[in-house]
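Residue-level structural notes
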Amino acid sequence: MSFEIERKFLVVGQDWQRLVVAHTRIRQAYLAAEGALSIRVRIKEDHTATLTIKSRGAELRRLELEYPIPATDAEALMARRQGAVIEKIRHDVPWQGLMWEVDVFSGDNKGLVLAEIELDHERQPFDLPPWVGTEVTSLRKYYNGDLALRPFRDWAPHATENVA
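Keep in mind that this is a model prediction, so the values were computed, not measured. Every chain is numbered on its own, with residues counted from 1 as its sequence reads. This being a predicted model, a pLDDT of at least 70 is required before a residue's local features are given, and a value of 80 or more before pairs of side-chain atoms are given or counted; all residues contribute to the totals for chains, interfaces and linings. For the side-chain quantities, the full set of heavy atoms in the structure was used; hydrogens and water were omitted.

Looking now at the pairing of strand E1 (residues 3–11). To sort residues, take the accessible area from a 1.4 Å probe on protein chains only and compare it with the maximum for the residue type: under 20% means buried, over 50% means exposed, and anything in between is partly exposed. Secondary structure elements are taken from DSSP: a helix is a run of H or I of four residues or more, a strand is a run of E of two residues or more, and numbering for both begins at the N terminus. Across the 9 residues that make up E1, a large majority, 7, are buried. At least two DSSP bridges between two strands are needed for those strands to be called paired. The sheet contact formed by E1 and strand E5 (residues 61–69) spans 3 bridges and is antiparallel. Note that in E5 the partner of Glu4 across the bridge is Arg62. Relative to strand E8 (residues 113–118), E1 runs antiparallel, the two sharing 5 bridges. Bridge pairing links Phe9 to Ala115 in E8. Here E1 pairs with strand E9 (residues 132–135) via 2 bridges, running antiparallel. Paired with Phe9 across the strands is Glu135, a residue of E9.

Below you can see the structure in the form of structure tokens.
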């Protein structure tokens, strides 16, 4: 059984951009986004795809099971989604020995920029980069499953929540 230990933060400013070492275009959709589990289909760069089952909730440690599937199957599943398609560019940003992922959302979630860090254990120490703002790990509205059902564009007011 696999678990994900992840912390989420709002991004402040654009200084992180000069540190990017790679980026990936991601489209993902939720086949089920309510209840104890979410089921997600994700397509990266239009050619690799995964089906993921995650425990739902705004928790630091969550169950995560992920399986590769053909991109054509992912497209067919995406057409049967709940809510909006999540569109984003994920940027890999190294900081003090760890890799941060900065997601710049587009589409219905345009304007939202989040930084995530995956940890080996819940108490793993790490330093916050200067471009990391408020922690939002415990706020469900910042999780992709919730963003598919209630996109950032529908939040009010949100203009000052995230400056990217």
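Now for the confidence of the model for the chain. This prediction gives the chain a mean pLDDT of 91; 93% of its residues lie at or above 70. How sure the predictor is of each residue is captured by pLDDT, a score from 0 to 100. Across the chain, the element-wise mean pLDDT spans from 90 in E5 up to 98 in strand E7 (residues 98–106).

Mapped onto the fold, Thr24 is located in strand E2 (residues 22–32). Judged by relative accessible area, Thr24 falls into the partly exposed class, the value being 22%. For the pair Thr24 and Arg123, spaced 99 residues apart in sequence, the C-alpha to C-alpha distance is 29 Å. Contact definition: two residues touch when any of their heavy atoms are within 4.5 Å. Not counting residues within four places of it along the chain, the set of residues in contact with Thr24 comprises Lys44, Glu45, Lys88, Ile89 and Arg90.

Our focus in this paragraph is the environment of Ala84. Checked against the element boundaries, Ala84 lands in strand E6 (residues 82–95). Of the residues examined, Ala84 reaches a relative accessible area of 13% and is grouped as buried. The spatial distance from the C-alpha of Ala84 to the C-alpha of Tyr30 is 8.3 Å, given a sequence separation of 54 residues. Non-local contacts of Ala84, meaning those with residues more than four positions away in its chain, are made with Gln28, Asp108 and Ala148.

In the sections that follow, a salt bridge refers to a side-chain nitrogen of Lys or Arg positioned within 4 Å of a carboxyl oxygen of Asp or Glu. A full pass over the atoms with the stated rule returns 16 salt bridges. Here Glu75 and Arg27 are joined by a salt bridge, their closest N and O atoms 2.4 Å apart. With a gap of 48 residues between them, Glu75 in helix H1 (residues 71–78) and Arg27 in strand E2 connect regions that are remote in the sequence. The residue Glu66 makes a salt bridge to Arg40 at a minimum N-O spacing of 3.1 Å. In this pair, Glu66 is assigned in strand E5 and Arg40 in strand E3 (residues 37–44), connecting sequence segments 26 residues apart. The class for Glu66 is partly exposed, based on a relative accessible area of 41%. Taking the relative accessible area as the measure of exposure, Arg40 reaches 4% and is therefore buried.

With that out of the way, let us pick up the pairing of E6. Relative to E6, E2 runs antiparallel, the two sharing 8 bridges. Bridging across to E6, Ala22 finds its partner in Asp92. When E6 meets E7, the two strands line up antiparallel, connected through 9 bridges. By the bridge assignment, Lys88 is partnered in E7 with Phe105.

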